[in-house]
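An overview of the molecular structure
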Amino acid sequence: MQSAESKTSDRIKEAYLRKFGTDSAEPRVFRSPGRINLIGEHTDYNNGFVLPASVDKAVYFAIAPLAGDLVTLYAADLGETYSFSLNDLSKPDQSWPHYQIGIIDQIKKSGLTIGGFQAAFGGDVPVGAGMSSSAALECCLLFALNELNHLNLDRFSIVKMAQKAENEYVGVQCGIMDQFASAFGKDQMVIRLDCRSLEFEYFPFPMKDYLLVLCDTTVKHSLEDSEYNTRRLECEAGVKILKKYNPEINSLRDASIAIVELHKDELGDVIYRRCKYMTEEIQRVQQACDYLNEGNLESFGKKMYQTHDGLQYEYEVSCTELDFLVDLTRDNPDVVGSRMMGGGFGGCTINLVRIEAVEDFEATMKEAYKKQYSIELPCYRVKITNGTEEIL
Ligand code: GLA
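What you see is a predicted model, and the numbers here were worked out from it, not measured in a lab.

1. Digging into the overall build of the chain
Along its length, the chain carries 12 helices and 13 strands. Relative to a compact globule of 392 residues, whose C-alpha radius of gyration would be 21 Å, the chain shows 21 Å and is just as compact. The buried share among the 392 residues of the chain stands at 59%. In the chain, the proportion of contacts linking residues at least 24 apart, taken out of those at least 6 apart, comes to 71%. Positive and negative side-chain charges of the chain, numbering 41 and 59 respectively, have mean locations separated by a distance of 1 Å.

2. Observations regarding the sheet that holds strand S10 (residues 335-340)
Read from one edge to the other, the open sheet built from 4 strands follows the order S10-S11-S9-S12, with strand pairing classed as antiparallel. Looking along the sheet, the strands with just one partner apiece sit at the ends: S10 and strand S12 (379-381). Averaged over all pairs of adjacent strands, the angle between their axes in this sheet comes to 20°, without regard to strand direction. Here 8 bridges tie strand S9 (residues 210-220) to strand S11 (residues 346-354), and the two strands are oriented antiparallel to one another. Among the inter-strand pairings, Leu214 is bridged to a residue of S11, identified as Ile350. Helix H10 (residues 297-314) rests against S9, S10 and S11 of the sheet, and its axis sits at about 25° to S10.

3. A look at helix H1 (residues 4-20)
The end-to-end C-alpha distance of H1 is 24 Å, a good match for the 24 Å that 17 residues give at a rise of 1.5 Å each. Here H1 has its buried residues at Thr8, Ser9, Ile12, Ala15, Tyr16 and Phe20. One face of H1 carries all of its buried residues, which in axial projection span an arc of 115°. Exposed positions of H1 whose direction lies more than 90 degrees from the buried face are Ala4 and Arg18. In the core, the buried residues of H1 are packed alongside strand S1 (28-37), strand S3 (52-65), strand S4 (70-75), strand S6 (117-123) and strand S13 (389-391). At the C-terminal side of H1, Gly21 shows a positive phi close to 95°.

4. Details of the packing of helix H11 (residues 320-329) against helix H12 (residues 358-373)
Running from amino to carboxyl end, H11 crosses H12 at an angle of 140°, the nearest separation of the two axes being 11 Å. On the basis of the axis angle, H11 is oblique to H12. Relative to H12, the crossing made by H11 is right-handed. From H11, Thr320, Glu321, Phe324, Leu325, Leu328 and Thr329 reach across to H12, where they touch Phe361, Met365, Ala368, Tyr369, Gln372 and Tyr373. Grouping the amino acids of the contact of H11 with H12 by side-chain chemistry returns 8 nonpolar, 3 polar and 1 charged.

5. Describing the site of the ligand
The environment of the ligand is made up of Arg35, Glu41, His42, Asp44, Tyr45, Cys174, Gly175, Met177, Asp178, Tyr228, Gly342 and Gly343. Residue Tyr228 places a side-chain N or O atom 2.5 Å away from an oxygen atom belonging to the ligand. Contact between the ligand and Gly343: an oxygen atom at 3.4 Å from a main-chain N or O atom of the residue. Summarising the interface, the protein chains cover 91% of the accessible area of the ligand, which totals 300 Å² for the free molecule.

6. Description of the domain arrangement of the chain
Looking at the assigned domains, one finds that the chain contains domain 1 (4-206 + 386-391) and domain 2 (210-382). Each side of the interface is counted separately: domain 1 has 36 residues, and domain 2 has 45 residues. Buried area between domain 1 and domain 2, both sides added, is near 3400 Å², and the carbon and sulfur share of it is 65%. For domain 1, the biggest contributors to the area lost against domain 2 are Ile39, Glu41 and His42; these three give 20% of the whole. Counting across the interface, domain 1 meets domain 2 through 3 salt bridges.

Definitions and limits used
- Residues numbered from 1 in each chain as written.
- Predicted model: local features only at pLDDT ≥ 70, side-chain atom pairs only at ≥ 80, totals over all residues.
- Heavy atoms only, no water.
- Helix = DSSP H or I, 4+ residues; strand = E, 2+ residues; numbered from the N terminus.
- Rg over C-alpha atoms; globule rule 2.2 N^0.38 Å.
- Buried < 20%, exposed > 50% of the residue type's maximum accessible area, 1.4 Å probe, protein only.
- Contact = heavy atoms within 4.5 Å.
- Lys, Arg positive; Asp, Glu negative; His and termini not counted.
- Charge placed at Lys NZ, Arg CZ, Asp CG, Glu CD.
- Pairing = 2+ DSSP bridges.
- Axes fitted to C-alpha atoms, helices over the stretch in contact; angles between N-to-C directions.
- Expected span 1.5 Å × (residues − 1).
- Arc of directions from axis to C-beta.
- Parallel < 35°, antiparallel > 145°, perpendicular 65-115°, else oblique.
- Left-handed = near helix turned anticlockwise from the far one by under 90°.
- Nonpolar A, V, L, I, M, F, W, Y, C, P; charged D, E, K, R; others polar.
- Near = heavy atom within 4 Å.
- Polar contact = N/O pair within 3.5 Å; in protein donor to acceptor, adjacent residues only side chain to side chain.
- Areas by Shrake-Rupley, 256 points an atom, 1.4 Å probe, with all protein chains shown as cover.
- Domains from an automatic or database assignment.
- Buried area = accessible area lost by both parts, 1.4 Å probe.
- Salt bridge = Lys/Arg side-chain N within 4 Å of Asp/Glu carboxyl O.

Laid out in structure tokens, this is it:
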């Protein structure tokens, strides 16, 4: 039987051939996955730890070089086309090409040269679900252009340039987690990444007794990007205050919970709660990894609930739909952990569910969500796959 992944890659290749004609240059096909994150939320831009993995939902590019400096992008899932010259990277009104132009902008800023190309792209990472479809898009295109143009970029450079494309061109001050997970993912493994040193380690995730299931609220509150950037500024404001007393503090990674408590009054209510969540969460990832090493998923799951509570009440990036879904699991003995995942204000919850109870779990969640919001709740059973690659 054909896997869902090869079906999606065939679909994008067919879209390319339909769009550009079967007698046009034979495309090469690249894949870059979306990600989950088990724990360590909003810690990446505070130099903390994260625990993501790349999954079996991905973005695909079917792409071929062209003579000259024209680029034509075909968004297969939208049926829309955008063409531009490599010499004019101005921002179009429609937003989907921003990610791709942002990548070309970074290539140029690095002093590298590429030729024109035509590409069809699309995939099955749900957009707005907090699974990083944008990072997958960025990494996929940059990886493909690296191959096509022999740019000799290693995966670290691809990750950093893709993050900068999002920071500088798209305008979201995201950390490095999503691009890292998309590019460095490994079959069956979660990645513990130290976002300060960029050292990383793969951990096998035991999926024998438990499954990870995502419940997709399908909502995306428009606050997301602006609030995201605000959180970053709030953390920086906290660092500025703490640094006055502790010059060695350059990010919240360097601060302890005790130091945050000591300066509670000066930090003020909002900044204090952001700093409290952050210092606790950075510690939590370390403890959670120890539990994972011991195979103690029950205790791991308790950490996930603590993360959710922190994100809901202290970091304030959750929303009622996410809280509703997490609360529904709290008394369910078959769910050992649940929390909102990703940037917040919508998207998915990630749930650690006993394998024999997954069907019941999904049915219960779907029914309750429908009753509450009149929305069908998509549930995704996660499979952890390799990161960015060429499909040969
Ligand atoms: C978004 C950002 C990431 C990270 C998460 C929250 O996905 O792109 O860099 O900050 O939110 O953990």
